[in-house]
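Descriptive structure summary
Single-letter residue listing:
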Amino acid sequence: MFRRDKKQKTAPAVLDLFCGAGGMSLGFKNAGCQILGGIDQNKYAVATHHQNFPNSKLPLKAQDICQIKDLDELGLEIGEVDIVIGGPPCQVFSRVGIGKMKDLGKEIEADPRNFLYKQFVRFVRYYQPLCFVMENVDNLANKDAVLYGICKDFKSKKDGHPGYRVEYRVLDASKYGVPQKRLRLFIVGVRNDLSIDPPFPEREKKILVTVGQAIQDLPELTAFVMPLKIKSSGPKQKDREQSYKCDPQNSYQKLMRKNQKPDVGIWNHLCRSHNDKDMEIFGMLKQGQKYKDLPRHVMRYRDDIFDDKYKRLIWDEPSWTLTAHMKKDGLAYIHPLQTRSISVREAARIQSFPDDFIFHAPMTRMFELVGNSVPPLLAEAVAKPVVKMLRAYWEAGNN
């Protein structure tokens, strides 16, 4: 087996595939890992990852992982990567994605996006890390044949590879300190020669963090309003530093502001422009209400199809799942108290990104990056038992 310098055994080295903005990377970093770098084809994701992980060994350009033919050219030695993490694109496995595929008359298994996980497998088999963590939509757990095939690929010992012990679980982010009901599937694999079963987080938080607790200290915003007849996204907004509304009011806000210097304000606190009809509807909705609860005379869409097109968040409960669709309109995430959709920073708080994590992209792309991310606190919860396992393995004299 590969030997590692004993001086390098305190911080497991992590390579993040399909890294997005870096939610998984941040979680593993906070659990005590060294982030080697991230790979993604989205230029805004890569720019954000570079800015927030400036000490990574691999500041790679945005690129399609399928086009990386020779892994040796990345500059990482075999044995240097302790953990491979990442979330291959998963839209076609999601409930929404499956519905769209059926509407188009396509077989889900025929979509090439279903097989991007094989790139993840390729990297794992090449670098032979001690373990890996792959994240995906919870609905994949219901696709028995697909999930079985994924696990089988990781377990395979062919071509001289050691293979991995593999287990998976569906975890709810709200049980791990994230102010959001978000179910995600995590597949954890440990290399067979370690003779260790894949670890998962044991304890869940009993007290849920609410939307209000997450965003209460952020400054109020006023959305730009346009007449419906004007087809425009509104004036182009420039990101700027803003002052907090108040001191941290609870432990979650303190955590989000932990690394902020006293004289530094908030960034990425931008919200969408809305037309006058949408603003009228926002004002009618009570917390927790959605499109089908509106009076008939203001409905502009079919309520049997778009019953949840408009939804106002509930102040005293966790949010429902944030998605990348926020880049389109944000109508499903109306602020609980203010007449507007939530801002990028409010969405980031709901995903558990701390305030010193800055998204580097146009506003709509920021929303996309946030919605596609693994909540860092959930990733950290998954990472901690993995890191604990590796440290115990090294302390026992293994290299």
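Now for a description of the structure that goes with this document. (Residues numbered from 1 in each chain as written. Predicted model: local features only at pLDDT ≥ 70, side-chain atom pairs only at ≥ 80, totals over all residues. Heavy atoms only, no water.)

What about the environment of Gly32?
Here Gly32 lies in the loop between helix H1 (23-30) and strand E2 (34-39). For the pair formed by Gly32 and Ala11, sequence separation is 21 residues and the distance between their alpha carbons is 5.8 Å. Residues within four places of Gly32 in sequence aside, it is in contact with Thr10, Ala11, Pro12 and Arg391. (Helix = DSSP H or I, 4+ residues; strand = E, 2+ residues; numbered from the N terminus. Contact = heavy atoms within 4.5 Å.)

Here we look at the packing of helix H4 (residues 117-127) against helix H5 (residues 144-155)
Where H4 contacts H5, the two axes come as close as 10 Å, and the packing angle between them is 15°. Relative to H5, the element H4 lies roughly parallel. Seen from above, H4 lies across H5 with right-handed handedness. Along its contact with H4, which presents Tyr117, Lys118, Phe120, Val121, Val124 and Arg125, the element H5 presents Gly149, Ile150, Asp153 and Phe154. Each residue belonging to the contact of H4 with H5 can be placed in one class, and the counts come to six nonpolar, one polar and three charged. (Axes fitted to C-alpha atoms, helices over the stretch in contact; angles between N-to-C directions. Parallel < 35°, antiparallel > 145°, perpendicular 65-115°, else oblique. Left-handed = near helix turned anticlockwise from the far one by under 90°. Nonpolar A, V, L, I, M, F, W, Y, C, P; charged D, E, K, R; others polar.)

Points about helix H10 (residues 363-372)
Of all ten residues in H10, seven are buried, a share of seventy percent or more. Of all the residues in H10, the buried ones are Met363, Met366, Phe367, Glu368, Leu369, Val370 and Gly371. Its buried side turned inward, H10 meets helix H2 (43-52) and helix H9 (344-350). (Buried < 20%, exposed > 50% of the residue type's maximum accessible area, 1.4 Å probe, protein only.)

Quick notes on the packing of aromatic side chains
Applying the stated criterion across every chain yields a total of twelve aromatic pairs. Geometrically, the ring pair formed by Phe123 and Tyr127 is tilted, given 6.2 Å between the ring centres and 40° between the ring planes. Taken together, the positions of Phe123 and Tyr127, both in helix H4 and four residues apart, correspond to about one turn of that helix. Taken as a pair, Phe123 and Tyr127 share a single burial class, namely buried. Aromatic side chains Tyr126 and Tyr127 sit 4.9 Å apart centroid to centroid with 90° between the ring planes, which places their arrangement in the edge-to-face category. Judged by its relative accessible area of 26%, Tyr126 falls in the partly exposed class. Using a relative accessible area of 0% as the deciding quantity, one classes Tyr127 as buried. An aromatic cluster is built from Phe53, Phe353, Phe357 and Phe359, whose rings are joined through pairwise contacts. Between the NZ or CZ atom of Arg257 and the centre of the ring of Tyr244, over which it lies, the distance is 3.6 Å. A cation over a ring is seen here: Lys311 above Trp320, with NZ or CZ 4.2 Å from the ring centre. (Phe/Tyr/Trp six-rings, centres within 6.5 Å; stacked < 30°, edge-to-face > 60°. Lys NZ or Arg CZ within 6 Å of the ring centre and 35° of its normal.)

By themselves, these figures tell us nothing about what the structure is for.
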